[in-house]
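Reading the structure
In case you want the letters, here they are:
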Amino acid sequence: MNQLVKQLVAAYGRELIENRRYLHAHPELSFHETNTAQWVRSRLQKASIPMLSGIHGNSIVGYLKGSKPGPSIGLRADMDALGLTEENELPYKSQTPGVMHGCGHDAHTALLMAVAEILANHQDLIAGTVYFVFEQGEEMLPGGAVQLVQDGIMKHIDYMFAIHVNASSPVGHIDVQSGVRFAAVGTYDLKITGKGGHGGFPHTANNPLIPAGELISAINLIPALKCDPLANCTVSVSYLHCGVEGVANVIPANVSMGGCVRVLDTQLRTFVMKEIERLSKAICAAHQCDVKVTLVYGYPACTVASECAALMQEAAQELGITVDNVPPSLGAEDFGYFSEQKPAGIGWFGLGDPTGSHELTPHHNPYFYLDDEKGLPLALEYMLTVYLKAALQM
């Protein structure tokens, strides 16, 4: 299988890198990927790959049915970029002011398109059905995956696979392990209303800063006092707005505050969010203040099924890719919506410069850099190997 995959990737040539660089130069924000979606549709049509109807927004799902029996395998790529101004001086630098592919979704899109076009030209390799899932809006709540689930794509798919490129890890490494890998997330916003007044006569006012101050402590104590000490849970108070800076003798009437919750357990995330709401109402009522609580339930925890992790690890080992043992992350990935529905596997694939001549960069950074020359062909070999193994073994 390895020799066949290498031949397929070699025959595809530099088109993979050129496609990624085209997409990098033309980034689009979440839920505004209209030109990117048109690029995807036109190439799928040219390759005679049919697309599912009833898919909302800019997401696109192409598919190919093989002549041999087998499972329905989904392969996913997100397409959206970030609100960043790129600082790299590259020939393919972003041409869109204030927008940049700073998380590698350009590489994901180019890779999945390469897999689709290769399989379209070699349909004898397909067993069952393969679905090419191009997803809008991963970077922004509510995410694109939840709409795809609502559109019913997981009714067609038995197993879902993806990789996420990792600029902080060198080419030749992948992080893929079973179990929960990314956090369930949520945000909260509190609008507290009291009664404004003169600083010299606080008894005639009702200062909303008092319950706000108590809530800062109470919310931050939730992980310590209300959650299992072994659970990975973090709660942040991220903003607090009230009064007028420098105006010391005016008690404000309103306070706005909020933050985020990140937990490696979707049910625990729900409990923590409800606990924030309970504390907010109780503490504000104790101080005779009103509060409006807005809770946004973001992506669920992302879980890698054991059988998917084993297959992806085996594929990496066959290609000489080192499988790193990395702890779960409190980052978020809306691939979790797919993993809630069916067995799924996602791995972080190293695409940083392995020679050290270009510094490894973090994601969501204006200097984000991928070594596409060395890394993308290997990533394509990997994705093809994962699919071919899944089609035979699942």
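No experiment lies behind these values; they were computed from the predicted model shown.

Observations regarding the pairing of strand β7 (residues 184–193)
Of all the ten residues making up β7, seven are buried; the element is thus mostly covered by neighbouring parts of the structure. Pairing analysis gives ten bridges linking β7 to strand β11 (residues 254–263), with the strands arranged antiparallel. Within β11, the position partnered with D189 by the bridge is G258. In this structure, β7 lies alongside strand β12 (residues 290–297), joined through eight bridges in antiparallel fashion. Bridging from a neighbouring strand, T193 pairs with D290 of β12.

Some details on the nonpolar core
Counting residues in hydrophobic clusters, the biggest one holds 71 residues, and the most contacted among them are L75, L119, F132, F161, L380 and Y382. Counting residues per element, this core draws most heavily on helix α11 (residues 372–393), which supplies twelve residues. Judged by nonpolar contacts, the second largest core, of 24 residues, contains L215, C233, V272 and M273.

Observations regarding a nonpolar patch on the surface
Among the surface-exposed residues, V244, V247 and V250 lie close enough to one another that they form a single nonpolar patch of about 250 Å² accessible area. Along the polypeptide, V247 turns up in the loop between β9 (233–242) and β10 (250–251).

A few points about the packing of aromatic side chains
One pass over the structure, following the stated rule, counts six aromatic pairs. Judged by centre distance (6.1 Å) and plane angle (75°), the ring pair of Y299 and Y337 falls under edge-to-face. With Y299 in the loop between β12 and β13 (302–304) and Y337 in helix α10 (residues 336–341), the pair connects residues that are 38 residues apart, well separated along the chain. According to the relative accessible area criterion, Y337 is buried, its value standing at 13%. Arranged with centres 5.5 Å apart and planes meeting at 40°, the rings of F349 and Y382 form a pair that is tilted. Of this pair, F349 sits in strand β15 (residues 344–352) while Y382 sits in helix α11, and the two are 33 residues apart along the sequence. The class for F349 is buried, based on a relative accessible area of 0%. Classification of Y382 by relative accessible area gives buried; the value is 0%.

Parameters at a glance
Residues numbered from 1 in each chain as written. Predicted model: local features only at pLDDT ≥ 70, side-chain atom pairs only at ≥ 80, totals over all residues. Heavy atoms only, no water. Buried < 20%, exposed > 50% of the residue type's maximum accessible area, 1.4 Å probe, protein only. Helix = DSSP H or I, 4+ residues; strand = E, 2+ residues; numbered from the N terminus. Pairing = 2+ DSSP bridges. Core = buried A, V, L, I, M, F, W, Y, C linked by side-chain atoms within 4.5 Å. Patch = residues over 30% accessible without salt bridge, like charges linked within 9 Å, V, L, I, M, F, W, Y side chains within 5 Å. Areas by Shrake-Rupley, 256 points an atom, 1.4 Å probe, with all protein chains shown as cover. Salt bridge = Lys/Arg side-chain N within 4 Å of Asp/Glu carboxyl O. Phe/Tyr/Trp six-rings, centres within 6.5 Å; stacked < 30°, edge-to-face > 60°.

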